[in-house]
Amino acid sequence: MLLENKVALVTGGSRGIGASISKKLALAGAFVVVNYLKNEARANELVEEIEADGGRALAIVADVRDEVAVQTMIKQIEQQLGVLHIVVNNAFTPYEFNPKNRKMLADLTWFDYQSQIDGSARALMNVMQAGLPVLKRNASSKVVNLTSDLVNIPATPYHDYVVGKSAVMGLNRSMAVELGAFGIAVNAIAPGLTYPTESSQFTKRDVRDAIIEKTPSQRLTTPEDVAGTALYLVSDLSANVTGQCLFVDGGLHMG
Amino acid sequence: MNKTVTTIPVYHLPSVITGLEFEELTIENAHGSVKMVSPVLSTDLISKLVVSVKEKQRAYLKKQTTAQIIDVIGEAAEKWTDPNYHLRQLALKTLPIVTGYDASMIELELKRFIRLFRKKNLRRFVQSEIGLFGNVLDDFQPNASGGFSKFYGPDLIFQVFSGNVPGIQLWTLVTALLVKSPTIGKLTFAEAIMPSLFVSSLAEVDQELADSIALVPWRSEEGKALEEVAIEKADAIIVYGGEKTVNSIHEKVGPNKRVLTYGYKIGFAAIGKEALTTDRYPKLLDGLAADIALYDQQSCLAPQSVFIEEGGAVSPLEFTSMLKNALANFQSKHPRARLSENELMSIESARQKAEIEAFTGAETTVFKIEKNLDYTVVYHGRVGFEPSPLNRFINVFAVSSLDEILNVLTPYAQYLQSAGLAVAPKRLFRLADELGAVGVNRIAAIGEMNHVPSGWHHDGGFNLLDLVRVTDIEASAEYASESFDSDVE
């Protein structure tokens, strides 16, 4: 199996894209730590689902925006599992992709920006700083950061969200430079509009159809699509690939 | 598999020795096939070789000036700097098959190594050790106590070579020539190629000079009688090899002959916190990985342990983590040689020992690839010292100050040789002095541990001076002789 004997942490791993990635990695043999923020029942359900399929998983609560909570989570992983090879930075501050009611540039407050930066750059900083000492012990490790194709084609200008995800894109590259020498590969995935997820439920059919029309593959992205690319990036199939961002959006953006 | 078999002579005989029988030894592996040809040996033949090389020394070698000898060696070395030189091509084709070392690594290192024998470097070598550009080996020269002195090399040197690093034998072959001594050399089948081919190059330049050297390979366990003859006839013996080989020769030789030994040595690297700045550490890392990976630590010059001082921009543990990655990269660039079962087992057991240490709660971390012995990096969170099973196995020790390392080195004093140092100028000399006092005899930059300059002091000894004896014409004899001048008044 591709991820035999590997331990993976998926932040925001209990729902949406995160849940798909958790399942995919577990099916490939990894022990998956499903990190969640609030919904314990949901996270436990996913763990049970993974176990029913013959996989192994563990749900751990932590707000990735909270440095102490993240450190406690990593400590728990170290104590219970001893190792950590894969980190998927997927969690972000809840965001409503609602083209009808999005905030205009003039209406945004610094709080809006801050909450997106907290959910992206700050979360990344917390998880990486706590996780690096463990990752650096491995012969090789993989980090995958979830960003968005909106960074390159902000078809709907969700300014605050784009600011947060642009920060991820920048950090993705600079982290790859510093961590390459440790055998840690750092890559990003930029999904297009991923449907269905809770965040995308407010993107109504008209906008969805407009996106589909411009997309070479003539369809939206599914959580399963993103999980496939994540599996590639966390496995040895992507050996010597680092600092890259793969767009999983049916060719809407060609980078 | 490459089906062509390359035939190569792994000996050098004086040209007067003819009518011999030869035997063949074929080495075949994934890299190709080599048929090594060498003469069938007997004690009689060894005696004949002794007579022949000694005769050539008397009739020719001793009449050459040091400068002339340097010219010949330098010209032979220059041949090797040409990529199209037939013997270089033959060496590069056969050495990877016989030694198992990566072909591109051998090419790079050999190219670099052979340049040490250029005329200018040989002149520096002689000048640095005995001065007067070696004239004191040619004729009596005025000495500091008012008389005259001349140096003489041994009448016959028996050299017992090892095969750990290709070409390493050239050092003492050249040294013997420079002191105008003939050589009988026992080669090992593990690497008999470079010395044989280099003496062939000497013969291309000056047949008579090359005739003062005889090199033949035999297996130590089968050649006790041959060895006895060679030891008996020689007045100096040079031995390369492990402790066992060196001790056994010492026992056989007895106290009355000069024995120079190049045995088991331990090198280490020490990195000061001032060298671990964010802009400097990547280069240091590459250098250290090269020091560990070149010739798989088989050269006595390579580091077996690394000390890293805390307090730099990257912690000792982080540096170790990157070292693991650098060694993994080296493996893809220059793979480690194929190892024997014994070698693999000693890596396994050293790994197990480290893993037990890690498991029992010591601050030890083992960096490795499961079921893969390409490299092993063991991090120890405290000061200590561990010889390595070699073949890209390195122990790293975190220290709060490099001053801590002196105590742990002391028990290994007799084995210490090279130290790779990365410290600022203000501590270089102090630390060098302290390391010198515990037995270290060579301090190199990290990244250069496997590369010695011409004129280095091998294992802390002299190369030429340790071989020669001196005859003095004392001032009294010189003045007295004046009185016997028939024309004196």
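Criteria and thresholds
Residues numbered from 1 in each chain as written. Chains lettered and ligands numbered in written order. Predicted model: local features only at pLDDT ≥ 70, side-chain atom pairs only at ≥ 80, totals over all residues. Pairing = 2+ DSSP bridges. Helix = DSSP H or I, 4+ residues; strand = E, 2+ residues; numbered from the N terminus. Axes fitted to C-alpha atoms, helices over the stretch in contact; angles between N-to-C directions. Contact = placed C-beta atoms within 7 Å. Nonpolar A, V, L, I, M, F, W, Y, C, P; charged D, E, K, R; others polar. Core = buried A, V, L, I, M, F, W, Y, C linked by C-beta atoms within 7 Å. Buried ≥ 20, exposed ≤ 12 C-beta atoms within 10 Å, placed from the backbone. Domains from an automatic or database assignment.

### Here's the deal with the sheet that holds strand β6 (residues 157-160) of chain B
All names here are of chain B. Spatially, the five strands line up as an open sheet ordered β8-β7-β6-β9-β10, and their pairing is parallel. Strands at the two margins of the open sheet, each flanked by one partner only, are β8 (213-217) and β10 (258-262). Mean inter-strand twist for the sheet, computed between neighbouring axes without regard to direction, equals 15 degrees. The sheet contacts of helix α9 (residues 224-233) involve β6, β7 (183-187) and β9 (236-240), and relative to β7 the element is tilted by about 155 degrees. Contacting β6, β9 and β10, helix α10 (residues 243-253) crosses the sheet at an angle of about 165 degrees to β9.

### Description of the interface of chain A and chain B
Counting from both sides, the interface comprises six residues of chain A and, opposite them, twelve residues of chain B. The residue inventory of the side of chain A that touches chain B, partitioned by class, reads three nonpolar, one polar and two charged.

### With respect to the sheet that holds strand β2 (residues 22-29) of chain B
Residues and elements named next belong to chain B. Within the open sheet, the three strands sit side by side as β1-β3-β2. Their pairing is mixed. Each edge of the sheet is formed by a strand with only one pairing partner; in this case those strands are β1 (5-9) and β2. Strand-to-strand twist of the sheet, defined as the mean angle between neighbouring strand axes without regard to direction, takes the value 20 degrees. For β2 and strand β3 (residues 32-39), the ladder comprises eight bridges, and the chain directions are antiparallel. Of the residues in β3, the one forming a bridge with Leu-25 is Met-36. Here helix α3 (residues 86-99) sits on the sheet and contacts β1, β2 and β3; the angle it forms with β3, its principal contact strand, is near 100 degrees.

### Observations concerning the nonpolar core
Core analysis: the largest hydrophobic core is formed by 211 residues, its most contacted members being Ala-8 and Val-32 of chain A. Residues from two domains meet in this core; each of domain 1 (5-261) and domain 2 (266-452) of chain B gives at least three.

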